[in-house]
Amino acid sequence: MLTQQSSAQQPSPVHAHDSHLLSLQDVTINLGKRTFGPFTLSIQAGERIAVLGPSGAGKSTLLKLLAREHTPASGQATFRNRNLKEWTLAELSRHRAVLPQSHEVAFGLPVDLVIGLGRVARAYDPDLKTIVRQAAELACAGHLLNRRFDTLSGGEKARVQMARVFAQLWDIEQGLLLVDEPIAALDPGLQFNLMDAIYTFAAQRGHAILAILHDINQALQGFERLILIKNGAMSGDYPQQNVTISLLESLYDVNLVSAVSDNGEVIVAPSKLQKRM
């Protein structure tokens, strides 16, 4: 349960294990005149990790670094015990999938083709049609397969892109799923359904999930580990049960209140009291 703690009582951070799927060691990134990092973290197969932080803190920058969309200025990044920069994009696409914030595609493609784009790195893919259909059904998008992508609503596009990610990692084990605000455009009921689908999909295959989230409650209820980002750097890496109200208030510079639901879930919300200084 979340509690108030003084700065002298902050919980101990997560310690990296000896074996890892992906690892960053003192990695920094230069974007224009701004430097992000250093980032030091390790991701294990099967882990569910949420990344929290205020807007502009560097959450999406961290995700793009993990996806190899950004090149480190210093430090070392490894994936499956191999330097990340040594992987070709085609090789990486067989082991990690990325769901970005933007769900647009350049052309008005059929939905089944958009989902199938997750598997373009495979030269031979006899089960493509079956996997596309199953991935669409898992993402609550099966009824959209006969539509064109540019005719869909924002929420429908999000479901199709999620199906694309499912298709990409459908038939491998212990991959990495990187998602940036996966449920931002969805209504509350569908949010729960799709997050459950992501959890089930990953758990069945041993995939790790790293998700950028703005929803504190989604992070607390669905993820076992929280990475906190502020001012372009990591401010903490904690097991979910060690995250306190004080930590979150310091992260967002706001006062927060919490309540416990009838089924024992802790719910956190901003308070109308004066902003923390």
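It should be emphasised that the depicted structure is a prediction, and the values quoted were computed from it without experimental measurement.

Cut-offs applied
Every chain is numbered independently, its residues counted from 1 as its sequence is written. Only residues with pLDDT of at least 70 get local features here, since the model is predicted, and only at 80 or more are side-chain atom pairs given and counted; chain-wide, interface and lining totals rely on the full set of residues. Calculated side-chain values reflect all of the structure's heavy atoms, with hydrogen atoms and water omitted. Among buried residues, those of type Ala, Val, Leu, Ile, Met, Phe, Trp, Tyr and Cys that are joined through side-chain atoms within 4.5 Å constitute a nonpolar core. Each residue is placed in one exposure class: buried if its accessible area under a 1.4 Å probe, protein chains only, is under 20% of its type's maximum, exposed if it is over 50%, and partly exposed if it falls in between. Counting from the N terminus, the helices are the DSSP runs of H or I reaching at least four residues and the strands are the DSSP runs of E reaching at least two. Residues are treated as being in contact if the distance between any of their heavy atoms lies within 4.5 Å. A pair of strands is considered paired only if DSSP assigns at least 2 bridges between the two. Interaxial angle, 0 to 180 degrees, is taken between N-to-C directions of lines fitted to C-alpha atoms, where a helix line uses only the stretch in contact. Reported orientations rely on four angle classes, namely roughly parallel under 35 degrees, roughly antiparallel over 145, roughly perpendicular from 65 to 115, and oblique for the rest. Residue type decides the class: Asp, Glu, Lys and Arg count as charged, Ala, Val, Leu, Ile, Met, Phe, Trp, Tyr, Cys and Pro as nonpolar, and the leftover types, Gly among them, as polar. To be clear, the arc concerns the directions from the helix axis to the C-beta atoms.

Caption draft 1: Representation of the nonpolar core in the model. Core analysis: the largest hydrophobic core is formed by 57 residues, its most contacted members being L52, I115, V160, F166, I209, F223 and L226. Among the elements that line this core, the one with the most residues is helix 6 (residues 188–205), at eight residues. If near-sequence neighbours (up to four positions away) are discounted, I115 is found in contact with V132, A135, A136, L145, V160, A163, R164 and A167. Grouped together as the second largest cluster of nonpolar side chains are 30 residues, A57, W87, I227 and I229 included.

Caption draft 2: Seen up close, the sheet that holds strand 7 (residues 176–180). If you trace the six strands from one edge of the open sheet to the other, you get 6-7-8-3-9-10, paired in mixed fashion. Among the strands making up the open sheet, the edge pair consists of strand 6 (96–99) and strand 10 (233–239). Going across the sheet, the axis of each strand differs from the next one's by a mean of 15 degrees, ignoring polarity. Examined bridge by bridge, strand 3 (residues 48–52) and strand 8 (residues 208–212) share four bridges and lie parallel to one another. Pairing of R48 across the sheet is with I209, part of strand 8. The sheet strands contacting helix 5 (residues 154–168) are strand 6 and strand 7, and the helix crosses strand 6 at an angle near 175 degrees.

Caption draft 3: Spotlight on the sheet that holds strand 4 (residues 74–79). Pairing in this open sheet of four strands is antiparallel, and the strands run 2-1-4-5 from one edge to the other. Among the strands making up the open sheet, the edge pair consists of strand 2 (34–43) and strand 5 (82–83). As paired elements, strand 1 (residues 22–31) and strand 4 share five bridges and run antiparallel to each other. Considered in strand 4, the bridge of Q25 is made with Q76.

Caption draft 4: Just the environment of L24, in detail. Mapped onto the elements of the fold, L24 is located in strand 1. According to the relative accessible area criterion, L24 is buried, its value standing at 1%. Separated by 18 residues in sequence, L24 and S42 have C-alpha atoms that sit 6.4 Å apart. Excluding residues within four positions of it along the chain, L24 makes contact with F39, T40, L41, L62, L65, L66, Q76 and A77.

Caption draft 5: Quick peek at the packing of helix 5 against helix 6. For the pair helix 5 and helix 6, the least separation of the axes is 12 Å and the interaxial angle reads 5 degrees. The orientation of helix 5 with respect to helix 6, classified from their angle, is roughly parallel. When helix 5 is examined against helix 6, the residues R159, M162, V165 and F166 are found in contact with a partner set consisting of L190, L194, A197, I198 and F201. In terms of residue class, the contact of helix 5 with helix 6 is built from eight nonpolar, no polar and one charged.

Caption draft 6: Local environment of helix 4 (residues 128–138). Every buried residue belonging to helix 4 is among I131, V132, A135 and A136, and all of these are buried. End-on view of helix 4: buried residues confined to an arc of 130 degrees, all on one side of the axis. Next to the buried residues of helix 4 lie helix 3 (111–116) and helix 5. Just past helix 4, the residue C140 takes up positive phi, approximately 60 degrees.

Caption draft 7: Structural view of the pairing of strand 8. Counting buried residues along strand 8, five of its five residues qualify, which places the element largely inside the surrounding structure. Burial along strand 8 is two-sided: A208, L210 and I212 and I209 and A211, pointing in opposite directions, are all buried. As paired elements, strand 7 and strand 8 share five bridges and run parallel to each other. For L176, the partnering residue across the bridge sits in strand 8 and is A208.

Caption draft 8: Representation of unusual backbone geometry. Between G37 and the following residue, P38, the backbone shows a cis peptide bond with an omega angle of 5 degrees. Within the element layout of this structure, P38 appears in strand 2. Phi at R68 is positive, roughly 70 degrees, even though this residue is not glycine. Looking at where R68 falls in the secondary structure, it is placed in the loop between helix 1 (59–66) and strand 4. Its identity is not glycine, yet R80 carries a phi of approximately 50 degrees, on the positive side.

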